[in-house]
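One-letter residues, chain by chain:
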Amino acid sequence: MNTYEYLLNDINTIKGIGPKLSKLFRKKNINTIFDLIWSIPRDTTDRTNLVKINELQIGKIQTITVDVIKYNFPRIRNLPNKVFCEDETGKIECVFFNSFEGYIKKILPINSRVTISGKISYYNKKYQITNPSYISEKSDSIKKVFSKYSLTEGLTEKKYNIIINEVLNSLPDLNEWLSNDILKKFNYISWKKSIIELHNPYNINKKGNFLNRLIFDEIISNFLINSKIRRGIKKIKKIKKNFDNKEYLKIKKKFGFELTSDQNTAVEQINKDLKSNQKMFRLLQGDVGSGKTIVALIASANVISSGFQVCLMAPTEILAKQHYTLTKKLFDAHINIGLLTSKTERNERNNILKNLINNKINILIGTHSLFQEKIKYNKLGLIIIDEQHKFGVKQRKKLSDKGGKNCDVLVMSATPIPRTMLMTIYGDMDTSIIKNKPRNRKEIKTYSKLDSKTDEVVKFVKKQIDEKNQVFWVCPLIEESKKVDHQSSVKRYEFLKKIFKNRVGLLHGALDKEEKNNILLNFLNKKIDILVSTTVIEVGIDFPSANIIIIENANKFGLSQLHQLRGRVGRGDKESYCILMFKSNLSQNAKKRINILKKTTDGFKISEEDMKLRGYGDLLGFKQSGLQSFRLADPVLNEDLFLLAEKEVKKIELENQDLNKYMTLLKLYDRADILNDIV
Ligand code: ADP
Ligand code: MG
């Protein structure tokens, strides 16, 4: 067969895979031939070294050529069958559990000379090989390096190698999808040849054109889909939004600070999009505290003054309320603002819905659940969604469709990520990035402390509370178990309550929404001074008087996570502190991380360092993103290939190339379903 369809066949179509084996493969999530070729060997077994029996090393896998001398088939349950073999230097027994006599006689005929390979053991003063799976009359078929795959019981290395070889021999010659210019960079190696090289035991852990080509394939398939979506959305023609800077100047007077240069640039980029006849689909990315909200509100005011409505969605009710309060404060009195959350009473709710249809509400603020609801607007012109990084490509596309053709979309994200990741995860959107922080920000003083010095930390906290400051106390994340985390935070809470009486609150995952909100409000309204919690301190909420964060077991967190946690403080103009606590003496790695945190508050730099230390998979919340489908590509290690793919996709866009050429790639790499949704 000469098409890709062979690769999508079920594994049970492979010669040598029956129901039993296919069950084992399915357990490893290998269902199709394509899945199977991505089970990549990570190691090899070297069976090339042929030795004499008197040179055998116990515990090692070794290969010997011997004569078969005698059988011993005891015919008693649980006693193994044995075959005695020898060469001119010594004797060895082959021990078989659960093998039939007939089979043994066939593979080890008496008086024959055979080559055997297996792990050598020593029992009763005799060398043994138990259940040898490599036996042959021709030593050449064994004296090889074999790829080591991830095995399970019932699936031997030998069998795996045979199956993989069967598949590699049947790989179709696919029509090339890469352009000549790109192929040249990989020395014209084809996809098929690359896959074969990937499984070659002599290539394990080696780099080369075969690997680069396959990595490039993965990246470009991702980028092409992103590009297709972006282009599709750009094609939608909308009514231009007409506005001047009057509304902006009015609210500028009220917020009373100068925008940073990055904020200004973002506002300009957004304004240009709003005024154009192409639908806006833009990501506003900026570190925690970089001031994204004000940019979003300026955009909202402009859209409203052009006669359209705005919908602003926040991830939590408190945050929605905070946005609402700020909007009320900044916007001109003639602008009508609605707040719709799960707490909104029925009457009020009906009122809001009615006023939305009548165009009496100009901006509706609520939680992400607004997205799910059937709310009818009169003239929706802008959807803003705040603090999300869990929306995948498909959901964002849906968001864009939902608003209708005249509705622009602005997505805000507070997770700084390196460019290669940005291109992968948000490649379907245009991006505005706020890098520099407002100038009045004070650096957060970051310290590390041993657990045994908790007393000193408590003393410090006491002093701070006396000065009317507030404290986040983040509890150890011991393991991936909510229960254990919960226990540790309860313990800390009880401990602190003895010292600070009823000025301490506890926030944990087991609380329901209502309770959680109450505690957060108590903290916000300064009814409590210390908020003890496990990792999740609500994203994005401004707690202006919280200027101290204590993080226990800090070594359990990644750099980016520590940075995000630290970003909860230092939002006002007071001196802020972050205290990282550790159980015992710090490891080299932990020291490195603390030093990075002490040195910089630049989230982009920190996330890059984090990726270098831990790999991109661990970066905050990106597990469900487009990255998850990468089997080989790594945004840190393969930066050059990401940039190359970006350039190639730009060229494809510029020349308006037909994507048909890439269809095989997209189908194989499991992205065509997204494509079907989109075209
Ligand atoms: P985030 O980007 O994390 O959403 P916010 O929009 O909540 O950040 O802004 C954090 C704080 O910084 C707010 O209190 C806001 O008023 C303030 N802020 C925003 N921009 C500026 C600026 N240019 N100068 C001074 N303060 C600013
Ligand atoms: Mg925010």
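Attention in this report is confined to the structure presented alongside it. (Residues numbered from 1 in each chain as written. Chains lettered and ligands numbered in written order. Predicted model: local features only at pLDDT ≥ 70, side-chain atom pairs only at ≥ 80, totals over all residues. Heavy atoms only, no water.)

Judged by nonpolar contacts, the single largest core of 90 residues is most densely connected at L7, F25, L36, I37, W38, W191 and F216. It is helix α8 (residues 209-234) that provides the largest number of residues to this core, a total of 12 residues. Those residues in contact with L36 that sit more than four places away from it in its chain are I11, I14, F25, I30, Y160, I163, I164, V167 and H199. (Core = buried A, V, L, I, M, F, W, Y, C linked by side-chain atoms within 4.5 Å. Buried < 20%, exposed > 50% of the residue type's maximum accessible area, 1.4 Å probe, protein only. Helix = DSSP H or I, 4+ residues; strand = E, 2+ residues; numbered from the N terminus. Contact = heavy atoms within 4.5 Å.)

This paragraph deals with the site of ligand 1. In the region of ligand 1, 18 residues are neighbours, and E258, G289, K292, T293 and R441 sit closest. Here a nitrogen atom of ligand 1 sits 2.9 Å away from a polar atom, N or O, in the side chain of Q263. T293 places a polar side-chain atom, nitrogen or oxygen, 2.6 Å from an oxygen atom of ligand 1. When ligand 1 is considered free in solution it has 570 Å² of accessible area, and contact with the protein chains removes 84% of it. (Near = heavy atom within 4 Å. Polar contact = N/O pair within 3.5 Å; in protein donor to acceptor, adjacent residues only side chain to side chain. Areas by Shrake-Rupley, 256 points an atom, 1.4 Å probe, with all protein chains shown as cover.)

With respect to topology, 7 strands assemble into an open sheet ordered β12-β13-β11-β14-β15-β10-β16, the strand pairing being parallel. The two strands at the open ends of the sheet, each matched to only one other strand, are β12 (337-340) and β16 (430-434). Averaged over all neighbouring strand pairs, the angle between strand axes comes to 15°, with direction disregarded. The pairing of strand β11 (residues 309-314) with strand β13 (residues 363-367) spans 5 bridges and is classified as parallel. Opposite L312, over in β13, you have I365 as the bridge partner. (Pairing = 2+ DSSP bridges. Axes fitted to C-alpha atoms, helices over the stretch in contact; angles between N-to-C directions.)

Most of helix α19 (residues 559-566) is tucked away: 7 of the 8 residues are buried. Along α19, the residues that are buried comprise L559, S560, L562, H563, Q564, L565 and R566. Each element contacted by the buried residues of α19 is listed here: β17 (444-450), β18 (470-474), β21 (546-551), β22 (576-582), α20 (588-599) and α21 (603-614).

Distances and angles like these do not, on their own, reveal function.
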